[in-house]
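One-letter residues, chain by chain:
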Amino acid sequence: MSGVALPPPKILHYMELTREDKKILHRLQSNFPLTPHPFRTLAEELGLEESEVLRRTRAMAEKGIFRRLGPIIDTHEMGNTASLMAVRVPEGRIEEVSRIINAYTGVSHNYLRKGKNKEIPYNVWFTMSAPNKQELVRLIKEIEEKTGLEVRNLPTTKKFKIGVKFNIYSEE
């Protein structure tokens, strides 16, 4: 990532965002420059020094303002497959089962969801990708064997939206 090693995410600490911070965040969330020196390109666009953009980006990452800086990869465009999964995990096994799920490199998200909806009793939800459907099915079965729990596979039938862009900064 052209000279920027982001620190591991920390618990979010309050940070007063300056106008420049907001401009940088606004620009980082979409159309990241694919140039040999992307932070230099950003600095030029924003009227800042490259070192200032790097310093502010690191500071915001260290404070937990954002978790990661990277692309959103379209799994299907790469010829792979992905799916949303749901598991009904007993309260006392949530950490154990989550560690098992998280050990798979194809898992991008893994969340505990609690709700009052008795119709949907699943509490651990995760997304997983694999090179093809057969491999995805094999991985699901492997997780079921390791946990002793049923994994519900909820494949995408139609994509309406992916990604989010926050209105962080406006010239107004």
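Caption draft 1: Main features of the nonpolar core. Grouped together as the largest cluster of nonpolar side chains are 19 residues, with contacts concentrated most on Phe126 and Met128. With 13 residues, the next largest nonpolar core counts Leu25, Leu46, Met60 and Leu69 among its residues.

Caption draft 2: Expanded view of the pattern of salt bridges. One pass over the structure, following the stated rule, counts 10 salt bridges. Linking Glu45 and Arg27 is a salt bridge whose minimum nitrogen-to-oxygen distance equals 2.7 Å. In this pair, Glu45 sits in helix α2 (residues 38–46) while Arg27 sits in helix α1 (residues 19–28), placing the two residues 18 residues apart along the sequence. The partner of Glu52 in a salt bridge is Arg56, and the shortest N-O contact between them spans 2.6 Å. Taken as a pair, Glu52 and Arg56 lie in helix α3 (residues 50–62) at a separation of four residues, close to a single helical turn. On the basis of relative accessible area, Arg56 is assigned to the buried category, the value being 13%. One salt-bridge network, held together by shared partners, links Asp21, Glu52, Arg55 and Arg56.

Caption draft 3: How the structure looks around the packing of α1 against α3. For the pair α1 and α3, the least separation of the axes is 10 Å and the interaxial angle reads 80°. Viewed along their axes, α1 and α3 adopt a mutual orientation that is roughly perpendicular. Across the interface between the two elements, Glu20, Asp21, Ile24, Leu25 and Leu28 from α1 touch Val53, Arg56, Thr57 and Met60 from α3. Across the contact of α1 with α3, the residue classes tally to five nonpolar, one polar and three charged.

Caption draft 4: Geometry of the packing of aromatic side chains. Evaluation of the coordinates by the stated rule reveals two aromatic pairs. Centre to centre, the rings of Phe32 and Phe39 are 5.5 Å apart; their planes meet at 70°, and the pair counts as edge-to-face. By relative accessible area, Phe32 is classed as partly exposed at 24%. Each ring, one from Tyr122 and one from Trp125, has its centre 6.4 Å from the other, and the planes form 80°; the classification is edge-to-face. In terms of burial, Tyr122 and Trp125 fall into one category: buried. Cation over ring: Arg88 sits above Tyr122, and NZ or CZ is 5.1 Å from the ring centre. Its end group placed over the ring of Tyr111, Arg113 keeps NZ or CZ at 5.0 Å from the ring centre.

Caption draft 5: Main features of the sheet that holds strand β4 (residues 151–155). Spatial strand order, β2-β3-β1-β4: four strands in an open sheet with antiparallel pairing. The open sheet has two edge strands with one neighbour each: β2 (107–112) and β4. Looking at each pair of strands side by side, their axes are set apart by 25° on average, direction ignored. Pairing between strand β1 (residues 81–87) and strand β3 (residues 124–130): seven bridges, direction antiparallel. Bridge assignment links Ser83 to a residue of β3, and that residue is Met128. Of the strands in this sheet, β2 and β3 touch helix α4 (residues 94–102), which is tilted by about 170° from β2. Of the strands in this sheet, β1, β3 and β4 are in contact with helix α5 (residues 133–147), which crosses β3 at around 140°.

Caption draft 6: Inspection of the packing of α1 against α2 at higher detail. Closest axis-to-axis distance for the α1/α2 pair is 11 Å, and the angle between their directions is 125°. The pairing of α1 with α2 is recorded here as oblique in orientation. Crossing hand, α1 versus α2: right-handed. Of the residues in α2, those in contact with Lys23, Ile24, Arg27 and Leu28 of α1 are Phe39, Leu42, Glu45 and Leu46. A per-class count over the contact of α1 with α2 returns five nonpolar, no polar and three charged.

About the criteria used
- Positions within a chain are numbered from 1, following the residues in the order the chain's sequence is written.
- Since the coordinates come from a predicted model, pLDDT governs what is reported: local features require at least 70, and pairs of side-chain atoms require 80 or more to be given and counted, while whole-chain, interface and lining totals use all residues.
- The side-chain values count all of the structure's non-hydrogen atoms but skip hydrogen atoms and water molecules.
- Buried residues of nine kinds, namely Ala, Val, Leu, Ile, Met, Phe, Trp, Tyr and Cys, make up a nonpolar core once their side-chain atoms join them within 4.5 Å.
- Note on classification: 1.4 Å probe, protein chains only; a residue is buried when its accessible area is under 20% of the maximum for its type, exposed when over 50%, partly exposed between these limits.
- Any carboxyl oxygen of Asp or Glu that lies within 4 Å of a side-chain nitrogen of Lys or Arg is treated as forming a salt bridge with it.
- Secondary structure elements follow DSSP: runs of H or I no shorter than four residues count as helices, runs of E no shorter than two count as strands, and numbering proceeds from the N terminus.
- Each axis is a line fitted through C-alpha atoms, and for a helix only the stretch in contact is used; angles between axes span 0 to 180 degrees, taken between their N-to-C directions.
- Every angle not falling under 35 degrees, over 145, or within 65 to 115 is termed oblique; those three ranges are roughly parallel, roughly antiparallel and roughly perpendicular.
- Contacts were defined at the residue level, with two residues in contact if any of their heavy atoms lie within 4.5 Å.
- Residue classes follow a fixed rule: Ala, Val, Leu, Ile, Met, Phe, Trp, Tyr, Cys and Pro count as nonpolar, while Asp, Glu, Lys and Arg count as charged, and any other residue, Gly among them, counts as polar.
- Ring pairs shown here join Phe, Tyr and Trp side chains whose ring centres sit within 6.5 Å, with only the six-membered ring taken for Trp; geometry is labelled stacked below 30 degrees between planes, edge-to-face above 60, and tilted in between.
- Criterion for a charge above a ring: Lys NZ or Arg CZ within 6 Å of the ring centre, and within 35 degrees of the ring normal.
- Two strands are counted as paired when DSSP detects at least two bridges linking them.
- For any helix crossing, the convention is left-handed if the near helix is rotated counterclockwise from the far helix by under a right angle, and right-handed if that rotation is clockwise.

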